[in-house]
Amino acid sequence: ERPATELRGKRSLYCIDDNFVSTFFRFAEPFKSDLEIGSTKAAEKKLARDFNAHVGRTFERLVREEVVPKTELIAAAPIGRWWGHRRDAETGERIELEIDIVAIDESTRAILFGECKWKEAVDGKKLLEELKEKGKFVTLKSPKIKEEHYILVARTFKRRPEESEAHCLDLK
């Protein structure tokens, strides 16, 4: 997987696509010896601590692959993620950035930014502000973008931005 803004390059991540295999290697395989002798405490602890984050990444992929294309917010364009970094102006500290959904329509010069949260009661207004801020750091090789669209997806929202600002989807 590469950032949505790069067709080629060294910045790539390798992921296991199969959810069952991914879950096995994340939660069972590291504790294989313990599990074989019936000691489950360490595996249970990791499962309790990290399972929601694991499901969240799977949820993001599902939204990118199945939900966003059906919204028709942007013409048929490749949909991916974007990651990069910025430097804090005061401390010079490197801050990692990630955007869950990025799609670029070269023909209309439009871009779609989106965030997915596997959480209840998400503050959509705050999430949109953070997404717009991260979007400023996305560099494109194509001509200047004319339109920016936003989509927010969560289990539930406690506050939503105006419909004119962002398209919000939840599981309710």
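Residues numbered from 1 in each chain as written. Predicted model: local features only at pLDDT ≥ 70, side-chain atom pairs only at ≥ 80, totals over all residues. Heavy atoms only, no water.

1. Section: the sheet that holds strand β5 (residues 147-154)
Across the sheet, which stays open at both edges, the 5 strands sit in the order β1-β2-β3-β5-β7 with mixed pairing between neighbours. Of all strands in the sheet, those bounded by a partner on one side alone are β1 (79-87) and β7 (167-170). Strand-to-strand twist across the sheet, computed as the mean angle between neighbouring axes with direction ignored, equals 30°. Most of the contacts of helix α3 (residues 41-71) go to strand β2 (residues 94-105), to which it runs at about 30°, and overall it touches β1, β2, β3 (110-117), β5 and β7. Together, β1, β2, β3 and β5 form the strand contacts of helix α4 (residues 124-135), whose direction differs from that of β5 by roughly 135°. (Pairing = 2+ DSSP bridges. Helix = DSSP H or I, 4+ residues; strand = E, 2+ residues; numbered from the N terminus. Axes fitted to C-alpha atoms, helices over the stretch in contact; angles between N-to-C directions. Contact = heavy atoms within 4.5 Å.)

2. A closer look at unusual backbone geometry
For arginine 109, which is not a glycine, the phi torsion comes out positive at approximately 55°. Note on placement: arginine 109 falls in the loop between β2 and β3. By relative accessible area, which is 27% here, arginine 109 ends up partly exposed. A positive phi angle, close to 55°, is found at alanine 121, a residue other than glycine. (Buried < 20%, exposed > 50% of the residue type's maximum accessible area, 1.4 Å probe, protein only.)

3. Topic: the packing of aromatic side chains
By the definition in use, this model includes 4 aromatic pairs. Ring centres 6.0 Å apart and planes at 55° place the aromatic pair phenylalanine 27 and phenylalanine 51 in the tilted group. Here the residue phenylalanine 27 occupies a position in helix α1 (residues 19-28), and phenylalanine 51 occupies one in helix α3, the gap between them amounting to 24 residues. The class of phenylalanine 27 is buried, set by a relative accessible area of 6%. Residue phenylalanine 51 is classed as partly exposed on the basis of its relative accessible area of 35%. (Phe/Tyr/Trp six-rings, centres within 6.5 Å; stacked < 30°, edge-to-face > 60°.)

4. Quick look at the packing of α1 against α3
When two helices pack together, their arrangement is given by the angle between their axes and by how far apart the axes lie. At a minimum axis separation of 10 Å, α1 and α3 run at an interaxial angle of 150°. Taken together, α1 and α3 sit at an angle that is classed as roughly antiparallel. The two elements α1 and α3 meet at a crossing, and its hand is right-handed. Residues Asn19, Ser22, Thr23, Arg26 and Phe27 of α1 pack against Ala43, Lys46, Leu47, Asp50, Phe51, His54, Arg57, Thr58 and Arg61 of α3. Of the residues in the contact of α1 with α3, the class split is 4 nonpolar, 5 polar and 5 charged. (Parallel < 35°, antiparallel > 145°, perpendicular 65-115°, else oblique. Left-handed = near helix turned anticlockwise from the far one by under 90°. Nonpolar A, V, L, I, M, F, W, Y, C, P; charged D, E, K, R; others polar.)

5. Quick word on the pattern of salt bridges
Applying the stated criterion across every chain, the model contains 12 salt bridges. Note that arginine 49 and aspartate 50 form a salt bridge whose closest N and O atoms lie 3.1 Å from each other. Among the ionic contacts, a cluster of salt bridges with common partners joins Arg26, Lys46, Arg49 and Asp50. (Salt bridge = Lys/Arg side-chain N within 4 Å of Asp/Glu carboxyl O.)

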